[in-house]
Amino acid sequence: MLDINNIREQFPILSTQVYGRPLIYLDNAATTQKPRCVVEAEREQYYTANANVHRGVHYLSQQATDLLEQARQRVSRFINAPSEQQIIFTRGTTEAVNLVAASYGSMLSEGDEVIISEMEHHSNIVPWQLLHERQGVKLRVIPFNDRGELDLQAYARLFTERTRLVSIAHVSNVLGTVNPIRDMISLAHRYGVPVMVDAAQSVPHFRVDVQDLDCDFLAFSGHKIYAPTGIGVLYGRRSLLEQMPPYQGGGEMISTVSFDKTTFEGIPYKFEAGTPNYVAAHALAVALDFVDGIGFDAIYTYEQQLTAYATEQLSRITGLRIFGQSEQKDAVVSFLVGDIHHLDMGTLLDRLGIAVRTGHHCAQPVMTHYGVEGMVRASFSFYNNEAEVDALAEGIQRVAKMF
Ligand code: PLP
C-alpha cells in the first residue's frame, strides 16, 4: 500500500492552485513533477560540488566527476545493464534514438531496412526518415488493430534478408499499449536483427531489465521519471557500441587530436561529446533512488488500479470514446467526447484546474489510424488519486453539457 498523501507532500507543485482551484495534474506522460529531493540535489550540487567534469585535477572537478560516474552506475543498476560502460547520457529519448539512427545508421546501406510500428512517437519515426533521405534505408511499419495492439503476424512477415534493425516503443504514449517486447525481440534475434526499445513510457511505471529483455538498445528520458529535464539514457549492447562510430565530435570524446589524425575514447565517452549535463545526471540518480524507495511492485499495482478506475469512470460518460483498449495497458487514457474538439475539452478542463494534454501527442500516424485530428489524454502517476479521477470525470461531464 502506498501512502499517497505522504508521497504528494514531497511534490510541492501538487499543492499549488491554478485559477484559484487545486491543481489536478494528469499530464504525466508528457513530463512528471519533481520531488523535493531531486530539486534539492541539483541545488546542493551547484552550491557545493559544481565544476566541469573529467577535465580537472582539482577537488571540485573530481567531486563532480565522481557524482556523474556514480550516476552512471546507478542507472546501470536500475535497468540491470551488464556494465556502466554501456550507459550513455543523452538529452533524452529523442537524442538517444537520433544517436542510434546517426551512428548505427551510418553503417547501413541503400536498400537496408528498419522496422518500426504505426504507434511510434515522432521521435522514433523522423530520425529513421532522415536516415532514409541520407542513405536510402527503407522503413517498414508494423500496423496495429483498433484495440491498439500490434499485429504480430504482420511483424513476422516484415523481416527480409535486408532487415537491419527493429525500433519500437515498449509502451505507446497515446494508447497505453504495453507491447510484448520480449517476444518481439526474440523473434528479431532469430533473424539476427538487433532491437532498439523506446522505453520512455515504460521505465517510469514498471521494472525494465535490459538483460531480461535481451534488447540491443534502450532509451529513456529522465524528466518522465521524476528527474530534471535535459538528461536521458541510451543503453547499448557492448559489441554494437564498440563497432559504432562517434555521433558528435568535440571535447570529452577524444583520446588524442592532431590535424593528421584524431583517436577516440572508448565507450561510453566516445558518444558523449562536450560538457554533459552532469548536474541533471546526479539528480537522475536521486530520482531513481526515490522511485526505488517507493518500490515498483507498489507503483505498478497502484497505477494499474488507478488506470482501471479512470477507465471505468470515463466509460460511463455518454458519447465518450476511449482509444487504446489493449489487454496490457499502462497509465494512459486517451479519449474524445462526441464531436467536441480536443482543444475545447482541454481548455475548459484547464479552467477547472485539470491539466490534460490535447492534440496529436507527437504520434500523428495514430491519429490517422483512427481518422481523428487529435485526442485528449489523461496520464497518471503514483501521486494521483481517485478523487482527482472523479474530478476529471465530473469536469468532462460539465464540458459535455456546455456543448
Ligand atoms: N518516445 C515516447 C514513447 C514518448 O512518449 C516520448 C515523449 O513523450 C518520447 C519518445 C520523446 O521523449 P523526449 O521528448 O523526452 O526526448
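Residues numbered from 1 in each chain as written. Predicted model: local features only at pLDDT ≥ 70, side-chain atom pairs only at ≥ 80, totals over all residues. Heavy atoms only, no water.

Colleague: Describe the overall build of the protein chain, and please don't skip the residues or the numbers.
Modeller: For the protein chain, the helix and strand inventory stands at 14 helices and 17 strands. Along the first, second and third principal axes, the C-alpha set of the protein chain runs to 70 × 55 × 35 Å. Considering the protein chain as a whole, with its 403 residues, one finds that 57% of them fall into the buried category. The contacts in the protein chain between residues at least 6 apart in sequence include a share of 71% that link residues at least 24 apart. (Helix = DSSP H or I, 4+ residues; strand = E, 2+ residues; numbered from the N terminus. Buried < 20%, exposed > 50% of the residue type's maximum accessible area, 1.4 Å probe, protein only. Contact = heavy atoms within 4.5 Å.)

Colleague: Give a detailed account of the packing of aromatic side chains, specifying residues and quantitative values.
Modeller: Evaluation of the coordinates by the stated rule reveals 14 aromatic pairs. Each ring, one from F159 and one from Y191, has its centre 4.6 Å from the other, and the planes form 5°; the classification is stacked. Of this pair, F159 sits in the loop between α6 (152-158) and β7 (163-169) while Y191 is found in the loop between α7 (181-190) and β8 (195-198), placing the two residues 32 residues apart along the sequence. Given a relative accessible area of 9%, F159 falls into the buried group. A relative accessible area of 48% means that Y191 is categorised as partly exposed. An angle of 75° between the planes, with centres 6.1 Å apart, marks the rings of F382 and Y383 as edge-to-face. Assigned by exposure class, F382 and Y383 land together as buried. Each member of the aromatic cluster is reached from another via a ring pair, and the members are F11, Y226, F290, F382 and Y383. Lying across the ring of F78, R207 places its NZ or CZ 5.1 Å from the centre. (Phe/Tyr/Trp six-rings, centres within 6.5 Å; stacked < 30°, edge-to-face > 60°. Lys NZ or Arg CZ within 6 Å of the ring centre and 35° of its normal.)

Colleague: Lay out the pairing of strand β4 (residues 87-90) in plain terms, naming residues and giving numbers.
Modeller: Burial along β4 is two-sided: the residues I87 and F89 and I88 and T90 are all buried. With four bridges connecting them, β4 and strand β10 (residues 232-236) associate as antiparallel partners. Across the sheet, residue I88 finds its bridge partner in β10, namely L234. (Pairing = 2+ DSSP bridges.)

Colleague: Give a detailed account of the packing of helix α11 (residues 296-315) against helix α14 (residues 386-402), specifying residues and quantitative values.
Modeller: α14 packs onto α11 with a crossing angle of 25° between their chain directions and a minimal axis gap of 10 Å. The orientation of α11 with respect to α14, classified from their angle, is roughly parallel. By crossing handedness, the relation of α11 to α14 is classed as right-handed. Together, L306, Y309, A310, Q313 and L314 of α11 and E386, V389, D390, L392, A393 and I396 of α14 make up the contact between the two elements. Among the residues forming the contact of α11 with α14, the class breakdown is eight nonpolar, one polar and two charged. (Axes fitted to C-alpha atoms, helices over the stretch in contact; angles between N-to-C directions. Parallel < 35°, antiparallel > 145°, perpendicular 65-115°, else oblique. Left-handed = near helix turned anticlockwise from the far one by under 90°. Nonpolar A, V, L, I, M, F, W, Y, C, P; charged D, E, K, R; others polar.)

Colleague: Talk me through the domain arrangement of the protein chain; I want residue IDs and the actual numbers.
Modeller: As far as domains go, the protein chain holds domain 1 (4-30 + 295-402) and domain 2 (39-292). Domain 1 and domain 2 are separated by 28 Å when their C-alpha centres are compared. Each side of the interface is counted separately: domain 1 has 36 residues, and domain 2 has 32 residues. For the domain 1 and domain 2 pair, buried surface summed over both sides reaches about 2800 Å², with 57% attributable to carbon and sulfur atoms. Counting the surface domain 1 buries against domain 2, the share from its top three residues, F296, D330 and H369, is 23%. Applying the counting rule to domain 1 against domain 2 returns one salt bridge. A salt bridge links E327 to R147; the shortest N-O distance between them is 3.9 Å. At the level of secondary structure, the elements contributing two or more residues to the side of domain 1 that touches domain 2 comprise α11, β14 (332-337), α13 (364-370) and β17 (375-379). Counting residues per element, the side of domain 1 that touches domain 2 draws most heavily on α13, which supplies six residues. The residue inventory of the side of domain 1 that touches domain 2, partitioned by class, reads 19 nonpolar, 12 polar and five charged. (Domains from an automatic or database assignment. Buried area = accessible area lost by both parts, 1.4 Å probe. Salt bridge = Lys/Arg side-chain N within 4 Å of Asp/Glu carboxyl O.)

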